[in-house]
Amino acid sequence: MAITLKEVAERAGVSRSAVSRAFTDGASVSEKMRRKVEKAARELGYSPNALASSLTTGRTKLIGLVSNNFHNPIFLQVFDLFTRGLQDRGLRPLLVNLSDETDPEASVRMLRQYSVDGAVVASSTLPPGFARAFRDAGVPVVHSFGRSSSTPQVHVVGIDNVECGRMAARTLIARGYRRLAFLGGPQSATSTQDRYTGFFDVLNAHPEVETNHSFADAYSFDAGRREMLRLLETTPAEAYFCGDDVLSIGVLSAITESGLKVPDDIGIIGLNDMEMARWQNIDLTTIHQPIRQIVTSSIELMVAMLDEPDRYPEARIFPCSVIERGTLRPLP
């Protein structure tokens, strides 16, 4: 049978309220009392009941981790970092899959049923309205991998996708490519829109470069492969900036299946620098997104908001860099 708080109190020779305070963060209890209670708890094999503690403190320590990108392998890395990072801070992640959800109000209602202390919206494709819906409902929220802004309405941590688009265009032009194309993810995604904008900001200043663009219906391997197979039925570009790495890997598969070679016939640059991009059989040239720093910073902001819910919204934007591998021709 489970050991009760009363049994710990009797073993330690203290009151039940003293035991409760000893296991409550920030509660008033002497160090001598805490050591006595912890010793008794170890001897009995007692673990405090987190749910019972939440009734006392008014905090569940539950943090909703909200995303709609479960089909993208990079989010296995993201979720791993988030769940371990939150747990290291004494918080408990509640994973929420929004792949088929379009109504932010429904998401807010669901998380409020679990009395979450806060929410992290971890997505580059959900519109800013999702994060604002949590804010408007009084739930502390951080939009991780969200759209950068000089005047954020909620806390945003991520990258400047417009600058990443510029970076990709400059990289391709420097290698002498003169027929370039953008192959983005869903056209409705703000990350797609911003990467497209940055890419063509640079290319519009190079009239000698022939350009084109298209969009896949998801940030996924299958979507990238399907769109590239369609493009290969016409005259393909010399090089493609793909909306992210998993699209790029689908594009690479379609090119190889069609009997062409990368980078001899077609060049590819992706975005994210996910773990698979480093695999020897993929060896993808890509733009590195500092995922670990984004997750760590998002958790720091969430922890700060739990103590200061009215904290003024800020945007933390991290720089990116090109990672040279084997899917582009070398610099001349």
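Below, the structure is looked at part by part.

Conventions and cut-offs
Residues numbered from 1 in each chain as written. Predicted model: local features only at pLDDT ≥ 70, side-chain atom pairs only at ≥ 80, totals over all residues. Heavy atoms only, no water. Pairing = 2+ DSSP bridges. Helix = DSSP H or I, 4+ residues; strand = E, 2+ residues; numbered from the N terminus. Axes fitted to C-alpha atoms, helices over the stretch in contact; angles between N-to-C directions. Contact = heavy atoms within 4.5 Å. Left-handed = near helix turned anticlockwise from the far one by under 90°. Nonpolar A, V, L, I, M, F, W, Y, C, P; charged D, E, K, R; others polar. Buried < 20%, exposed > 50% of the residue type's maximum accessible area, 1.4 Å probe, protein only. Core = buried A, V, L, I, M, F, W, Y, C linked by side-chain atoms within 4.5 Å. Expected span 1.5 Å × (residues − 1).

1. Some words on the sheet that holds strand S10 (residues 286–288)
- Strand order across the open sheet formed by six strands is S7-S6-S8-S9-S10-S12, with mixed pairing between neighbours. Each edge of the sheet is formed by a strand with only one pairing partner; in this case those strands are strand S7 (210–215) and strand S12 (321–323). Adjacent strand axes in the sheet meet at a mean angle of 25° when their direction is disregarded.
- Pairing of strand S8 (residues 239–242) with strand S9 (residues 267–272), which is carried by three bridges, proceeds in the parallel orientation. Residue Ala-239 lies in a different strand from S9, and its bridge partner there is Gly-267.
- Contacts between helix H8 (residues 161–174) and the sheet are confined to strand S6 (179–184), S8, S9, S10 and S12, with S8 contributing the most and set at about 165° to the helix.

2. A closer look at the packing of helix H5 (residues 74–88) against helix H12 (residues 291–307)
- Look at H5 against H12: their axes get within 10 Å of each other, and the N-to-C directions meet at 35°. Both H5 and H12 take part in a crossing whose hand is right-handed. On H12, the residues that touch Ile-74, Val-78, Leu-81, Phe-82, Gly-85 and Leu-86 of H5 are Ile-291, Arg-292, Val-295, Ser-298 and Ile-299.
- In the contact of H5 with H12, the residues fall into eight nonpolar, two polar and one charged.

3. Details of unusual backbone geometry
- A cis amide bond, omega 10°, links Val-262 with the succeeding residue Pro-263.
- You can see Pro-263 is positioned in the loop between helix H11 (245–257) and S9.
- One non-glycine residue, Asp-283, lies in positive phi territory at about 50°.
- Of note, Asp-283 is situated in the loop between S9 and S10.
- Residue Asp-283 is classed as partly exposed on the basis of its relative accessible area of 32%.

4. A word on the nonpolar core
- Among the nonpolar cores identified, the biggest contains 70 residues, and Phe-199 and Met-228 are the most heavily contacted of them.
- Sort the elements by how many residues they give to this core and H12 lands first, with eight residues.

5. Observations regarding H11
- Taking 1.5 Å per residue, 13 residues should reach 18 Å; H11 reaches 18 Å between its end C-alpha atoms and fits that length.
- In terms of residue burial, H11 counts as a mostly covered element, since 10 of its 13 residues are buried.
- Taken together, the buried residues of H11 touch S6, helix H10 (221–231), S8, S9 and S10.

6. Quick notes on the environment of Val-162
- Position of Val-162 among the secondary structure elements: in helix H8.
- Along the backbone, Val-162 and Ile-63 are 99 residues apart, and their C-alpha atoms lie at a distance of 30 Å.
- Residues contacting Val-162, with those up to four places away along its chain left out, are Asp-194, Gly-198 and Asp-201.

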